[in-house]
Amino acid sequence: MSDKLLSFNRPNDRHFYAYRYRGNIQSGLDLNYVRFQNTVIVPGIHVDGDVKVIESGTAEYKELLYLPVYRLSSLNWRIIIVLTLVLTLMNHLPGSKTSFDIGASLFTFLLVCGFYVSVATWVMRYFYQFIGEARVKASSAIFNIVLFITGTSTLYAYMTGSGSAALNLFWQLANLVIAFYLAPALVTYLSCIRIHANRHIKIEHEWQVNGRTYGGHLNQRNEITLYPKKGEGFHPLDALEYKALIAYQTTQGDHMKAKELMRVWRTKPLAEPIDDKLMRLKQFNLPKQLGFLLLRTVAPSVGLLLETAGEKSNIKVFVKLGNWLKWQGFNRVFLIYQECELALKNNP
């Protein structure tokens, strides 16, 4: 995509906690959009400046390739051919510990790889569905499928003692690195060559500017509208969190009144039936909810420890990670509300 030939619209108002319109401060949050994943922009972020940088073509650009989870098998032949070649090389390394044997013929090995890839694709498809993912990056899917094959086969070989004995500790470690990273990475790189030809691939565009990441989509007028994804001053919220932020804004931070509003809104249909069904399936996915519960419970304490350790040792990475973890507790939405209100006062 040639950025210099395109013009971009700033994000939709629903992403702004507040924005200025005709001299007055307007609320950008809208209950009609609670069914969407919304990244809210803190007041004071120079979004219009970011848009100009993206329009100039100087922003860092990345092309993202997504594939529906139920279409993972469309990558199989691509993976099988590349994996056959890569594993052939792996089996000629000294001390190889994979469970693959290519003593017969390349054709036989191709069939074996085909079986392994089919099984791995089936496993990864149900894994993604189990954790509530409807689509996945093509590169991530390929990497995980190959990692499942090379990782499990290598561990099995080490546990059973099958395969060629490693010459020394160096080759044992080398085989582990190859099986758990180099082989999946190489197969992913080679398999992604001309992957755009796959009719199930959906291409999305991403720009990074001033430490913030934007995506782009076409609006009803066929214009590219940016939307915030991550970065300083951007807060990704799921449907319930977005609704809670509107409640805090409406009640000016009153916890009890916000809970009452949430209780009232819960009884009202806020989306089309099909959107409402999809939202509920995502919200009540048990593995994700258990993961979020663990994160919300543990993260603030771990974050405080990391931040303290980072300040004492002057390690900035610990400070940043600790600060991020502190914001992942049960009061996350209220903290975002406070940050937005403070930023609004400082940027009238």
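Further up the page is the structure itself.
In short, a report on the structure. Owing to the predicted nature of the structure, the values given are computational and were not obtained by experimental measurement.

Some thoughts on the pattern of salt bridges
Side chains carrying opposite charge are able to pair once their charged atoms draw close together. All chains considered together, the criterion is met by nine salt bridges. Measuring nitrogen to oxygen at the nearest pair gives 3.1 Å for the salt bridge that ties Arg332 to Glu241. With a gap of 91 residues between them, Arg332 in helix 11 (residues 332–346) and Glu241 in helix 6 (residues 239–250) connect regions that are remote in the sequence. Each member of the pair, Arg332 as well as Glu241, carries the same accessibility label: buried. Residue Arg263 pairs with Glu260 through a salt bridge whose shortest N-O separation is 2.5 Å. With a gap of three residues between them, Arg263 and Glu260 both fall in helix 7 (residues 255–266), about one helical turn apart. For Arg263, a relative accessible area of 46% gives the class partly exposed.

Quick word on the packing of aromatic side chains
Throughout the structure, instances matching the rule amount to 11 aromatic pairs. On the basis of an interplanar angle of 75° and a centroid distance of 6.0 Å, the ring pair of Phe115 and Tyr116 is categorised as edge-to-face. On the basis of relative accessibility, which here comes to 55%, the residue Phe115 falls in the exposed class. What links up through ring pairs into an aromatic cluster is the set Phe8, Tyr61 and Trp207.

Examining the sheet that holds strand 5 (residues 60–68)
The mixed open sheet is built from six strands, whose spatial order is 1-9-8-7-5-6. This sheet does not close on itself; its edge strands, each paired only once, are strand 1 (8–9) and strand 6 (135–137).

Thoughts on helix 9 (residues 286–313)
Between its terminal C-alpha atoms helix 9 stretches 39 Å, which fits the 40 Å expected from 28 residues at 1.5 Å a residue. The largest bend along helix 9 reaches roughly 40° and is located at Ala299, with the proline Pro300 sitting one to four residues downstream. By the burial criterion, the buried members of helix 9 are Arg296, Ala299, Gly303, Glu307 and Gly310. Lining the buried residues of helix 9 we find helix 6, helix 10 (316–326) and helix 11.

Notes on the pairing of strand 8 (residues 212–218)
Of all seven residues in strand 8, five are buried, a share of seventy percent or more. Where strand 7 (residues 202–209) and strand 8 come together, four bridges link them in antiparallel fashion. Across the sheet, the residue bridging to Glu206 is Gly215, located in strand 8. Linking two consecutive strands that pair antiparallel, namely strand 8 and strand 9 (residues 224–231), is a turn of five residues; a positive phi of about 65° is found at Asn222 within it.

Here we look at helix 1 (residues 47–56)
Residues of helix 1 that are buried: Val47, Gly49, Asp50, Val51 and Ile54. In this fold, the buried residues of helix 1 make contact with strand 1, strand 4 (38–41), strand 7, strand 8 and strand 9. Just downstream of helix 1, Gly57 is the residue with a positive phi angle, here 85°.

Concerning the environment of Arg135
With respect to the secondary-structure elements, Arg135 resides in strand 6. Residue class for Arg135 comes out partly exposed when judged on its relative accessible area of 35%. As for Arg135 and Leu67, which are separated by 68 residues in sequence, their C-alpha atoms are 5.5 Å apart. What Arg135 contacts, discounting residues up to four positions off in sequence, is Tyr66, Leu67, Pro68, Val69, Lys202 and Glu204. Within the structure, the side chain of Arg135 is placed 2.6 Å from the side chain of Glu204, a separation counted as a polar contact.

Some details on the packing of helix 4 (residues 138–160) against helix 5 (residues 169–191)
The interhelical angle for the contact between helix 4 and helix 5, taken along N-to-C directions, is 155°, at an axis separation of 8 Å. Taken together, the axes of helix 4 and helix 5 lie roughly antiparallel to each other. For the pair helix 4 and helix 5, the crossing hand works out as right-handed. From helix 4, Ser139, Ile142, Phe143, Val146, Leu147, Thr150, Gly151, Thr154, Leu155 and Tyr158 reach across to helix 5, where they touch Gln172, Asn175, Leu176, Ala179, Phe180, Tyr181, Ala183, Pro184, Ala185, Val187, Thr188 and Ser191.

Considerations on the environment of Thr297
Relative to the helices and strands, Thr297 resides in helix 9. Expressed as a C-alpha distance, the spacing of Thr297 and Gly329, which sit 32 residues apart in the sequence, is 6.3 Å.

Observations regarding a nonpolar patch on the surface
Taken together, the side chains of Leu155, Met159, Leu169, Leu173, Leu176 and Phe180 present a nonpolar region at the surface, about 600 Å² in accessible area. At the level of elements, helix 4 and helix 5 are the ones that each hand at least two residues to the nonpolar patch. Ranked by residues supplied to the nonpolar patch, first place goes to helix 5 with four residues. With respect to the helices, strands and loops of the structure, Leu169 is situated in helix 5. For Leu169, a relative accessible area of 58% puts it in the exposed group.

Conventions adopted
Each chain has its residues counted from 1, running along the sequence as written. Given that the model is predicted, a residue must reach a pLDDT of at least 70 before its local features are reported, and side-chain atom pairs must reach 80 or more before they are shown or counted; all residues, however, enter totals for whole chains, interfaces and linings. The basis for every side-chain value is the complete set of heavy atoms in the structure, and neither hydrogens nor water enter the calculation. Here, a salt bridge means any side-chain nitrogen of Lys or Arg that lies within 4 Å of a carboxyl oxygen of Asp or Glu. Only runs of H or I of at least four residues qualify as helices and only runs of E of at least two qualify as strands under DSSP, and these elements are numbered from the N terminus. Only protein chains enter the accessibility calculation, which uses a 1.4 Å probe. A residue is then buried if its area is under 20% of the maximum for its type, exposed if over 50%, and partly exposed in between. Ring pairs are drawn from Phe, Tyr and Trp, using the six-membered ring of Trp, whenever the two centres fall within 6.5 Å, and their geometry is named by plane angle: stacked under 30 degrees, edge-to-face over 60, tilted for the rest. When DSSP finds at least two bridges between two strands, those strands are taken to pair. Expected span of a helix: the number of residues minus one, times 1.5 Å. By definition, a residue's bend is the angle between the axes fitted to the seven residues ending there and the seven starting there. Throughout, a residue-residue contact means that at least one pair of heavy atoms, one from each residue, lies within 4.5 Å. Polar contact is the term for a pair of N or O atoms within 3.5 Å; when the atoms are in protein, one must be able to donate a hydrogen and the other to accept it, and sequence-neighboring residues count only if both atoms are side-chain atoms. A fitted line through C-alpha atoms serves as each axis, taken over the contacting stretch for helices, and the angle formed by two N-to-C directions is quoted from 0 to 180°. An angle counts as roughly parallel when it lies under 35 degrees, as roughly antiparallel when it exceeds 145, as roughly perpendicular when it falls between 65 and 115, and as oblique in every other case. It is the rotation of the near helix from the far one that decides the hand of a crossing: anticlockwise by less than a right angle makes it left-handed, clockwise makes it right-handed. What makes a patch is a set of residues exposed beyond 30% relative accessible area and free of salt bridges, joined within 9 Å when like-charged and within 5 Å when nonpolar (Val, Leu, Ile, Met, Phe, Trp, Tyr). Here the open area of atoms and residues is found with the Shrake-Rupley method and a 1.4 Å probe, where only the protein chains shown may cover a residue.

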